[in-house]
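Residue strings, one per chain:
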Amino acid sequence: MQEYLNHFLGNLDIVNSREVCRFLEVSMLSFSPEYGPKLKEDFIMVKHLPKISKSDESSRCCGCCWFCCCNDNWQKVWGVLKPGFLALLEDPFDAKLLDIIVFDVLPVSNGNDGVDISLAVELKDHNPLRHAFKVTSGNRSIRIRAKSSAKVKDWVASINDAALRPPEGWCHPHRFGSFAPPRGLTDDGSQAQWFVDGGAAFAAIAAAIENAKSEIFICGWWVCPELYLRRPFESHTSSRLDNLLENKAKQGVQIYILLYKEVALALKINSVYSKRRLLGIHENVRVLRYPDHFSSGVYLWSHHEKLVIVDNQVCFIGGLDLCFGRYDTFEHKVGDNPPVTWPGKDYYNPRESEPNTWEDALKDELDRRKYPRMPWHDVHCALWGPPCRDVARHFVNRWNYAKRNKAPYEDSIPLLMPQHHMVIPHYMGRQEESDTGCKIDEESSIKGIRRDDSFSSRSSLQDIPLLLPQEPVDQDGSSEGHKANGINNRNGPFSFRKYKIEPVDGDTPMRGFVDDRNVLDPPVAKRGSNAIDSEWWETQDRGYHVGSPDETGQVGPRTSCRCQIIRSVSQWSAGTSQVEESIHSAYCSLIDKAEHFIYIENQFFISGLSGDDTIKNRVLEALYKRILRAHNEKKSFRVVVVIPLLPGFQGGIDDSGAASVRAIMHWQYRTIYRGQNSILNNLYNTIGPKANDFISFYGLRAYGKLSEDGPVATSQVYVHSKIMIIDDRATLIGSANINDRSLLGSRDSEIGVLIEDKELVDSRMAGKPWKGGKFSLSLRLSLWSEHLGLRSGEIDQIIDPISDSTYKEIWMATAKTNTMIYQDVFSCVPNDLIHSRMAFRQSISYWKEKLGHTTIDLGIAPEKLESYHNGDIKRNDPMDRLKSIRGHLVSFPLDFMCKEDLRPVFNESEYYAFPQVFH
């Protein structure tokens, strides 16, 4: 019999017949390594799909041959079960997805009868000839029929076994309530690299796109096809986003772009124009805009994620959209005349004006001789390994949800499948009860992983007949075919990788990380760690695997780390069955576990204390409790917060059309310093002036000449980054702002990553030796060097972030000096000298009359500065005074407009909007 079967399987003409494939339960997806091992396949019946035209008339859902008991809506399809999804094909030979159910976190049980919620359940039918079951994932629930009760039971058991049990379970919530487990607990290839400001990040993204072989996913709040990813733009025309995508699309790379569909009355990002331009590039570029506000009833919230994922191998995540105004360097120049770096509308200052149209991208919107651009400060990062594929899985979920709602019958918009990878939950490696309520033995768990991966570990692909002929492979290892309709038909770079699973070393302090969802445990220094000093900073191997070497400290080292993807999603944004606010949970947990130091950069800082019924997120409460604990324990603890000086929206502070600007200012001042719900007010009442030793707030500002003979101007450097660094060992990077919109999960959709260092170097904290993380510490040093204007040889001055020599004598002193100089030269706003709108109007009137021209925030210097010396008036060049400025750091003006209620009033349209829009 063995000899007969071997001879039989050697005849491809027989093996590739539908009858044999059906008998052996194999299809086009059976042994595609990127989608995981083969589990179960068979014909099933569904009724939710559009009518499929078939020549095969055997489409009965049961064994009845005499009665027409089957509704015509039921259709026979081929079901393919993989570890992360159930795919439906027309037949085993079809490569086009009819539908896909991607397994998602199930809703919590209501506790009735102690029955847990399952992904698949058997259904009872009044007709004994009908045998059905139901599969539920996210907000979808699909009824499926099989030919017999035995087949139903087999399908239900197989689906629940594949989806619900570790290590391949996607239906369990992980640490912080995230859909994704922590990665990097073992040697699984999890790596990260940071980028400071748009110039560094865009160059890396351009390099990754140029190296794409299979598919590119792009998700953005705003995407500009005419954006140059490298500068000077005239010498890098091929780096324009539409040119990059066109070149790859012509090579067969499949490109999927998911845009936020804005409310046109509220925003001018014009996603209709972006979609039209992107679709015109090539047929391999697919674009979806979501949501449809009228049909969905979602008017207040937005898709705020910023993602680029290339070949499921590298992804970019953080605060940067691929749009105008974001490209910048550590210099943060305010001028560009003649245009060299920022062409046309990329010379951007939303405080002055927002273009009414983006269609003529190379036409200037601002007069470069009179108005500065608004410099843009941001942080982005790249991820490799399982964290990258977690982000890709999130994109696939969002794309498929938008496809079903927006283009269910458009064949040109395919459904996507998530690529398979090992899921190593955070509770692996311990014999104690995990937070999901099940005990897992370490040895059996590791064996379980090997068993699940038995297809690849038992033998090579060549030892098992694939039943379908492989496509020809080029000499470079890549096949001629490319991914079509979400299915990769190549045996190229996406080989089925075996991950190295090792028992956790008893000396490694993993207990807190593994057993407690909300614990940040200190990592262990690797043997041979280098000292973190100025020499290390200048000579370290930065690992430039994407982008080119960088001497300005804006590209970090590519390091192995522990990563976990966290997000804010709900039913409206991603079709999930429950709200996920794992970013919020991570913020609060990290703050609570911080030992010495917290550094925050964010576009907004709006949060609430316990008992605040208006603001729901509790980042502020976590900070307040942690500071009080440090005070009670008489320990040094610092919280440094860097935010924009003003909201980056159009309109002068006193303008009638700037009620939105004032409203956001109100909520931020309410959080920081004003009223019973503010953190500083509560700290002053509890611990007095010592509050300033624990927490302080700052902004960024830049200056320069607008042209060779033009005026000297200043502008805030707009802080758009969304990061938090804890103890120089852990970093949270993403798209989420610190406000209710981003953190509650049910509002804006967001995504981020928590990076916990495994590679440690010698550092200092509170005057004592400390092991800092290679990723987190180098990122903090880069940011502080930029903000403080330090050269590479001066890095050692800021190694210890909480010592008085760093925090008070360098950080606070630099901010105070810079603030004073800017005030002397520009009288710019906001500042602590203006307490009312009346004082603001007087200042505006005075400077406009004196100078003849100011920016919207009083940002133009007089030709000569007047000063009194021995009774005489002395006139100096303002640039001489400005030379004393170091970096960009300035103090945040806590007393600005302190005598005003900045909330909208009844004669302003914002008064009638939902207050949640602004916080």
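For the structure itself, look to the data block above.
Before going into details, it helps to say that this report is about the structure given with it.

Calculation rules
- Each residue is numbered by its place in its chain's sequence as written, counting from 1.
- Side-chain atom pairs in this predicted model are given and counted only at pLDDT of 80 or more, local residue features only at pLDDT of at least 70, and totals for whole chains, interfaces and linings cover all residues.
- Note that water and hydrogens are dropped before the side-chain values are worked out from all heavy atoms of the structure.
- DSSP bridges decide pairing: two strands pair if at least two such bridges lie between them.
- Elements are defined by DSSP. Helices are runs of H or I of four residues or more, strands are runs of E of two residues or more, and each kind is numbered from the N terminus.
- Side-chain atoms within 4.5 Å are what join buried Ala, Val, Leu, Ile, Met, Phe, Trp, Tyr and Cys residues into a set we call a nonpolar core.
- Burial classes follow relative accessibility: with a 1.4 Å probe on protein chains only, a residue under 20% of its type's maximum area counts as buried, one over 50% as exposed, and anything between as partly exposed.
- To estimate how far a helix should extend, the number of its residues minus one is multiplied by 1.5 Å.
- Definition used for salt bridges: Asp or Glu carboxyl oxygen within 4 Å of a side-chain nitrogen of Lys or Arg.
- For patch building, the residue pool is restricted to those with more than 30% relative accessible area and no salt bridge; the joining distance is 9 Å between like charges and 5 Å between nonpolar side chains (Val, Leu, Ile, Met, Phe, Trp, Tyr).
- Using a 1.4 Å probe, accessible areas were evaluated by the Shrake-Rupley method; residue-level cover was limited to the displayed protein chains.
- Think of a 1 Å grid over just the protein atoms. A cavity is a set of points where a 1.4 Å probe fits yet cannot get out, a pocket is an open set with protein on both sides within 12 Å along at least five of seven lines, and lining residues have an atom within 4 Å of a point.
- Grid points are joined across faces, edges and corners, and a volume is the space filled by probe spheres set on the points.
- For Phe, Tyr and Trp, where Trp contributes only its six-membered ring, two rings pair if their centres lie within 6.5 Å, and the inter-plane angle classes them as stacked under 30 degrees, edge-to-face over 60, or tilted in between.
- Placement of a charge over a ring requires the Lys NZ or Arg CZ to be within 6 Å of the ring centre, with the centre-to-atom vector within 35 degrees of the ring normal.
- Residue polarity is assigned by list, with Asp, Glu, Lys and Arg as charged and Ala, Val, Leu, Ile, Met, Phe, Trp, Tyr, Cys and Pro as nonpolar; anything else, Gly included, falls into the polar class.
- To obtain each axis, a line is fitted to C-alpha atoms, and for helices this fit is confined to the stretch in contact; angles are then taken between N-to-C directions over 0 to 180 degrees.
- Orientation is classified from the angle alone, with under 35 degrees giving roughly parallel, over 145 giving roughly antiparallel, 65 to 115 giving roughly perpendicular, and any other angle giving oblique.
- By convention, the crossing between two helices is left-handed when the near helix turns anticlockwise from the far helix through less than a right angle, and right-handed when the turn is clockwise.
- Between two residues, a contact is recorded if the distance between any of their heavy atoms is within 4.5 Å.
- Pairs of cysteine sulfur atoms within 2.5 Å are identified as disulfides in what follows.

**Observations regarding the pairing of strand E28 (residues 865–869)**
- For E28 and strand E29 (residues 872–876), the ladder comprises five bridges, and the chain directions are antiparallel. Pairing of Glu866 across the sheet is with Arg875, part of E29.

**Let's talk about the nonpolar core**
- Judged by nonpolar contacts, the single largest core of 153 residues is most densely connected at Leu86, Ile159, Leu383 and Tyr599.
- Counting 71 residues, the second-largest nonpolar core is a separate cluster that includes Val641, Ile672, Leu683 and Leu902.

**Some words on unusual backbone geometry**
- Backbone torsion omega between Arg231 and Pro232 reads 0 degrees, so that peptide bond is classified as cis.
- Looking at the element boundaries, Pro232 is found in the loop between strand E9 (215–220) and helix H6 (241–250).
- Across the junction of Tyr290 and Pro291, the peptide omega takes the value 5 degrees, indicating a cis bond.
- Tracing the backbone shows Pro291 in the loop between strand E11 (285–290) and helix H8 (293–296).
- At Ala766, a position not held by glycine, the phi torsion is positive, near 55 degrees.

**Regarding helix H15 (residues 582–593)**
- Between the first and last C-alpha of H15 there are 16 Å, a value that for twelve residues agrees with the 16 Å anticipated at 1.5 Å per step.
- Where burial is concerned, most of H15 is hidden: nine out of the twelve residues are buried.
- All buried positions along H15 are accounted for by Ser582, Ile583, His584, Ala586, Tyr587, Cys588, Ser589, Leu590 and Ile591.

**What to know about the pattern of salt bridges**
- In total, this model carries 47 salt bridges according to the counting rule given.
- When the shortest N-O distance is used, the salt bridge between Arg231 and Asp346 registers 2.7 Å. Here the residue Arg231 occupies a position in the loop between E9 and H6, and Asp346 occupies one in the loop between strand E13 (314–318) and strand E14 (376–377), the gap between them amounting to 115 residues.
- Looking at Arg231, the relative accessible area reads 10%, which means it is buried.

**Observations concerning a nonpolar patch on the surface**
- Residues Val905, Phe906, Tyr911 and Tyr912 make up a contiguous nonpolar surface patch of roughly 480 Å² in combined accessible area.
- Relative to the helices and strands, Val905 is located in the segment after strand E30 (889–891).

**Let's talk about empty space enclosed by the protein**
- Throughout the structure, instances matching the rule amount to ten cavities of 30 Å³ or more.
- Volume-wise, the largest cavity comes out at about 170 Å³.
- What lines the largest cavity is a set of 15 residues, and nearest its centre among them are Val102, Ser137, Arg140, Asn397 and Arg404.
- Elements that contribute at least two residues to the lining of the largest cavity include exactly strand E4 (97–102) and helix H9 (386–406).
- Sorting elements by how many residues they give to the lining of the largest cavity places H9 first, with four residues.

**Describing the packing of aromatic side chains**
- Under the defined criterion, the tally for this structure stands at 29 aromatic pairs.
- With a centroid separation of 6.5 Å and 85 degrees between ring planes, the pair formed by Trp221 and Trp222 is classed as edge-to-face. Comparing Trp221 with Trp222, the two get one shared label, buried.
- Of the aromatic side chains, those joined through ring pairs into one cluster are Trp221, Trp222, Phe324, Tyr348 and Trp358.
- The ring of Phe43 carries the charged tip of Lys76 above its face, separated from the ring centre by 4.7 Å.

**Details of the pairing of strand E6 (residues 131–137)**
- Burial analysis of E6 places five of its seven residues in the buried class, which makes it a mostly covered element.
- As paired elements, strand E5 (residues 120–123) and E6 share four bridges and run antiparallel to each other. Note that in E6 the partner of Ala120 across the bridge is Val135.
- Across seven bridges, the pairing between E6 and strand E7 (residues 140–146) is antiparallel. By the bridge assignment, Phe133 is partnered in E7 with Ile144.
- Count of turn residues in the E6/E7 antiparallel hairpin: two residues, of which Gly138 carries a positive phi of about 65 degrees.

**Quick look at the layout of surface pockets**
- Here the largest pocket defines a volume of roughly 1500 Å³.
- Along the wall of the largest pocket there are 46 residues; nearest its centre are Ala266, Leu267, Phe649, Ser660 and Val917.
- Looking at the lining of the largest pocket, the elements that each hand over two or more residues are helix H17 (659–672) and helix H20 (740–743).
- Its residues assigned to classes, the lining of the largest pocket shows 25 nonpolar, 13 polar and eight charged.

**Looking at the packing of helix H16 (residues 619–632) against helix H18 (residues 679–687)**
- Relative orientation of the contacting elements H16 and H18 amounts to 20 degrees, with a least axis distance of 11 Å. Taken together, the axis directions place H16 and H18 in an arrangement best described as roughly parallel. The crossing of H16 and H18 is right-handed. Note on element contacts: H18 touches H16 through Ile679, Asn682, Leu683, Thr686 and Ile687, opposite Leu620, Leu623, Tyr624, Ile627, Leu628 and His631.
- Grouping the amino acids of the contact of H16 with H18 by side-chain chemistry returns eight nonpolar, three polar and no charged.

**As for the packing of helix H21 (residues 774–788) against helix H22 (residues 804–826)**
- Contact pair H21 / H22: the axes reach a minimum separation of 10 Å and the direction vectors enclose 50 degrees. Classed by the angle they form, the pair H21 and H22 counts as oblique. Each of Trp784, His787 and Leu788 in H21 lies in contact with H22, whose residues at this interface are Thr806, Ile810, Trp811 and Thr814.
- Of the residues contributing to the contact of H21 with H22, the split by class is four nonpolar, three polar and no charged.

**Brief notes about the environment of Gly553**
- Positionally, Gly553 belongs in the loop between helix H13 (534–539) and strand E16 (559–569).
- Looking at Gly553, the relative accessible area reads 4%, which means it is buried.
- Remark: the alpha-carbon pair of Gly553 and Ser785, spanning 232 residues in sequence, is separated by 8.5 Å.

**A closer look at the state of the cysteines**
- Summed over all chains, the structure comprises zero disulfides.
- Free cysteine: Cys388, not disulfide-bonded; nearest cysteine sulfur from Cys315 at 4.3 Å.
- Its sulfur unpaired, Cys561 is 3.2 Å from the next cysteine sulfur, which belongs to Cys563.
- Residue Cys561 is classed as buried on the basis of its relative accessible area of 0%.

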